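Residues per chain, in single letters:
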Amino acid sequence: MILIVFDVDGTLVDSQHMIVAAQAEAFAAVGLPAPTRERSLSVVGLSLPQAFTALVGADGPVVALSEAYKQAFGRLRARAEIRETLFPGAAALLARLNREPAVQLGIATGKSRRGVDHLVALHGWEGWFSTVQTADDAPSKPHPAMLEQAMAETGAAPAETVMIGDSTYDMVMARGAQVSALGVAWGYHTPEALRTAGAHAVMDSFSELESALFERIAAA
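- The name that an unreviewed UniProt entry assigns to the chain is HAD family hydrolase, with the source organism given as Methylobacterium currus.

Here it is, written out as structure tokens:
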């Protein structure tokens, strides 16, 4: 068996417009100017307290920003004015991997459990993931706990586990857990940053990612 763990935001889902809009509302709620779009996206992948600490410092209104962000995100999602769309190729690859007997699928994300449950229900992925690790369950990336817990839940060894993500936090987490680290170039951190953070390889497309994963499955 091979355990293939996916990040969500920036890897499977193009959520940048929702994230930037929710951050802007959160900063407005506490009377601070919003960060630039580039700065907003640089912290995607971290859990909310860590993300806002990175943006305003440990002495800033981290708790208030986190709460305002969650409320803003919920409002924006309910109004459906901004879409969180899957990247082209994501759905097809997950479906193919779900049909593969040698594969267990997992998620490791800075999103809440509620956010992941919404995503799974929206796309009909119920029962596809053997393990789901969220910001509610473990320390924030890049701490390796999410992957360590995923392996413990599925019985996978580090040599049998692959982490796929778009951020440096994903790559550092993967290396800390001693699993394969595959970066994707279509997310919010640059390929150069991913390689510097320890990516074993960076994929330019879902077709390239699919080929790499099924080579690994065939070899196993």
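Now, onward.
1. Considering helix 7 (residues 145-154)
Now for step 1: Here helix 7 has its buried residues at Ala145, Met146, Leu147, Ala150, Met151 and Thr154.
Now for step 2: Check the buried side of helix 7 and you find it contacts strand 1 (2-6), strand 4 (103-108), strand 5 (129-133), strand 6 (161-165) and helix 8 (168-176).
Now for step 3: Taken from the residues just after helix 7, glycine 155 is the one with a positive phi, measuring 80°.

2. Some points on the nonpolar core
Now for step 1: Counting 34 residues, the largest nonpolar core has Ile4, Phe6, Leu97, Ile164, Leu209 and Leu213 as its most contacted members.
Now for step 2: Within the residue set of this core, elements represented by two or more residues are strand 1, helix 5 (90-98), strand 4, helix 6 (113-123), strand 5, strand 6, strand 7 (180-184) and helix 10 (206-219).

3. A closer look at the packing of aromatic side chains
Now for step 1: The final tally for this structure, using the stated rule, is six aromatic pairs.
Now for step 2: Centroid distance phenylalanine 52 to tyrosine 69: 5.8 Å. Interplanar angle 70°. Geometry classified as edge-to-face. Of this pair, phenylalanine 52 sits in helix 3 (residues 48-56) while tyrosine 69 sits in helix 4 (residues 62-79), placing them 17 residues apart in sequence.
Now for step 3: One aromatic cluster is present, formed by Phe27, Phe52, Tyr69 and Phe73 through successive ring pairs.
Now for step 4: Just above the ring of phenylalanine 214 sits the side chain of arginine 96; from NZ or CZ to the centre is 3.6 Å.

4. So, the sheet that holds strand 6
Now for step 1: Overall, parallel pairing links the six strands, which are arranged 5-4-1-6-7-8 in an open sheet. Among the strands making up the open sheet, the edge pair consists of strand 5 and strand 8 (201-203). Taken over all neighbouring pairs, the strand axes of this sheet differ in orientation by 25° on average, direction set aside.
Now for step 2: Relative to strand 4, strand 1 runs parallel, the two being bridged by five bridges. Within strand 4, the position partnered with phenylalanine 6 by the bridge is isoleucine 107.

5. With respect to unusual backbone geometry
Now for step 1: With an omega dihedral of 10°, the bond running from lysine 141 to proline 142 counts as a cis peptide bond.
Now for step 2: Here proline 142 shows up in the loop between strand 5 and helix 7.
Now for step 3: Phi at glutamine 178 takes a positive value of approximately 65°, unusual for a residue other than glycine.
Now for step 4: By secondary structure assignment, the location of glutamine 178 is in the loop between helix 8 and strand 7.

Criteria and cut-off values
- Residues numbered from 1 in each chain as written.
- Predicted model: local features only at pLDDT ≥ 70, side-chain atom pairs only at ≥ 80, totals over all residues.
- Heavy atoms only, no water.
- Buried < 20%, exposed > 50% of the residue type's maximum accessible area, 1.4 Å probe, protein only.
- Helix = DSSP H or I, 4+ residues; strand = E, 2+ residues; numbered from the N terminus.
- Contact = heavy atoms within 4.5 Å.
- Core = buried A, V, L, I, M, F, W, Y, C linked by side-chain atoms within 4.5 Å.
- Phe/Tyr/Trp six-rings, centres within 6.5 Å; stacked < 30°, edge-to-face > 60°.
- Lys NZ or Arg CZ within 6 Å of the ring centre and 35° of its normal.
- Pairing = 2+ DSSP bridges.
- Axes fitted to C-alpha atoms, helices over the stretch in contact; angles between N-to-C directions.

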